[in-house]
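# Remarks on the overall topology
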Amino acid sequence: MHLQTIRLTNFKNYESAKLDFSAQINCFLGNNGSGKTNLLDAIYYLSLTKSSTSSQDAQCILHNQPLFALKGEFSKDAKAREVICGLQIGKKKLVKLDQKPYKKASEHVGKFPVVLIAPNDTDVIRGASDQRRKFFDAIISQVDQIYLQTLIQYNHLIKQRNSLLKRFAETGQTDLELLEPFNAQLLELGSKLFEKRSAFIEDFKVLVTSHYQNLTNSAEIIELNYESHFQEDVNALLAENLQKDIILKRSNVGIHKDEFHFVMNGEAIKKFGSQGQQKSYLIALKLAHFDFTEKQTGMKPILLLDDIFDKLDDLRISKLMEMVASDAFGQIFITDARPERTIGLLADDSHEVELFKVENGQVKSWM
Ligand SMILES: Nc1ncnc2c1ncn2[C@@H]1O[C@H](COP(=O)(O)OP(=O)(O)O)[C@@H](O)[C@H]1O
Ligand SMILES: [Mg+2]
């Protein structure tokens, strides 16, 4: 599976652009602020029907324009597939596969998987627990539509349950009968998600460990541990936390409080890992994401590498380039503000490489 062409209309700082890609390696080269990351984001959007950097879809529309549109032509199983994503201000976002609109944009997720490695990704390691939940949810969702739809239902349920708690708090009246169906749903959907997260982590941690060892040549013992209320008696926890829920007006028990612990030599890498160890752990997580998706779907995800040469030291870069050379990956997109570096790194590579020069929302072929 790979992306053959992309067309951007009023997407971020691009008024209009059309690009033809190599099925192997593509590089976007240009100064900071020129629009390199925005191109990766357009590809990400066509895969996941959302931006990796803008939390609101409307932020993707070129300033002072009424809409944006993205069109991607993919090749998958030797067939051409066309994906269109668009948003008009004030309207529902549109996602189409081969001219046919989806009822829900989320149904598209997983058909053209991507893995993005970007500079601010260390939030997954250093940030709060919701960052880690989002990270793993995105990985599982790309290979499991049922998981994604259950998760959307669950999140909706928690919002509704929180509104009810707020009402209890405001009226001073707690009606347990009203809460009952919400608790039942929380248990039902939550336990489904818990089973899937547990099974996923069992497989995933093996991949993370092996990539970490390979990246660092080290003897550090790393772990990835999963902690959930669903490992305990959830019913009892719900009852115990009822008063707290009402006082805080939000639900304190459930799958939305799950924790994923990144551990090295028995200690939290978030607190005790060096910057280098944290980076290695992050790259190991991303490469594990790649492997996991390939194992589950039989497709090599499109790999988006945003400014990673800035962020990695020589050992990790050379390990990554070894993997590129060994055909571990499928189609790759790389951004770099220093063209000579990327060109130098790819000089001995036998892959078909397409270089693009990015300048102020305009893209040209390098030559
Ligand atoms: N919706 C938008 N409309 C116009 N410009 C935008 C929009 N969103 C982002 N930009 C602009 O895109 C530029 C950044 O592009 P980016 O792809 O992050 O650059 P690079 O990765 O090359 O450093 C910034 O100048 C920013 O203002
Ligand atoms: Mg950038």
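Remember, it's a predicted structure, so these values are computed and weren't measured experimentally.

Within the chain, the secondary structure is distributed over 12 helices and 15 strands. Expected size for 367 residues packed as a compact globule is a radius of gyration near 21 Å; at 22 Å, the chain falls within 12% of this value. A fraction of 72% describes how many contacts in the chain between residues 6 or more apart in sequence connect residues 24 or more apart.

Turning our attention to the domain arrangement of the chain. When cut into domains, the chain gives domain 1 (1-113 + 302-367) and domain 2 (123-298). In this structure, domain 1 and domain 2 have C-alpha centres spaced 28 Å apart. Contact residues are listed per partner, giving 11 residues for domain 1 and 15 residues for domain 2.

Glancing now at helix α4 (residues 145-171). Its 27 residues place the ends of α4 39 Å apart at the C-alpha level, agreeing with the 39 Å of an ideal helix rising 1.5 Å per residue. Looking only at α4, the buried set comprises Tyr147, Leu148, Leu151, Tyr154, Leu157, Ile158, Arg161, Leu165 and Phe168. If you follow the buried residues of α4, they end up packed against α3 (129-143), α5 (176-216) and α7 (242-248). Residue Gly172 follows α4 closely and has a positive phi angle near 70°.

Now for the nonpolar core. Core analysis: the largest hydrophobic core is formed by 92 residues, its most contacted members being Ala42, Ile43, Tyr281, Ala284 and Leu304. Residue contacts for Ala42: discarding those within four places in its chain leaves Ile6, Leu8, Phe11 and Leu70.

A separate point is the pairing of strand β10 (residues 259-264). Of the two faces of β10, the one holding Phe260, Phe262 and Met264 is buried and the one holding Glu259, His261 and Val263 is not buried anywhere. With six bridges joining them, strand β9 (residues 222-227) and β10 adopt antiparallel strand pairing. Note on β10: the bridge partner recorded for Glu227 is Glu259. In this sheet, strand β11 (residues 267-268) lies alongside β10 in antiparallel orientation, the contact comprising two bridges. When the sheet's bridge partners are listed, Met264 is paired in β11 with Glu267.

To continue, consider the sheet that holds strand β3 (residues 25-29). Each strand in a sheet pairs with another by means of backbone hydrogen bonds, the pair being arranged parallel or else antiparallel. An order of β8-β12-β13-β3-β14-β15 is seen for the six strands of this open sheet, with the pairing classed as mixed. The open sheet has two free edges, formed respectively by β8 (114-117) and β15 (362-365), since each of these has just one partner strand. In this sheet, adjacent strand axes meet at a mean angle of 20° when their direction is disregarded. Relative to strand β13 (residues 332-336), strand β12 (residues 302-306) runs parallel, the two sharing four bridges. In the sheet register, Leu304 faces β13, and the bridge partner there is Phe333. Along the sheet face, helix α1 (residues 36-48) touches β3, β8, β12, β13 and β14 (353-359) and points at about 150° away from the line of β12.

Conventions used here
Residues numbered from 1 in each chain as written. Chains lettered and ligands numbered in written order. Predicted model: local features only at pLDDT ≥ 70, side-chain atom pairs only at ≥ 80, totals over all residues. Helix = DSSP H or I, 4+ residues; strand = E, 2+ residues; numbered from the N terminus. Rg over C-alpha atoms; globule rule 2.2 N^0.38 Å. Contact = placed C-beta atoms within 7 Å. Domains from an automatic or database assignment. Expected span 1.5 Å × (residues − 1). Buried ≥ 20, exposed ≤ 12 C-beta atoms within 10 Å, placed from the backbone. Core = buried A, V, L, I, M, F, W, Y, C linked by C-beta atoms within 7 Å. Pairing = 2+ DSSP bridges. Axes fitted to C-alpha atoms, helices over the stretch in contact; angles between N-to-C directions.

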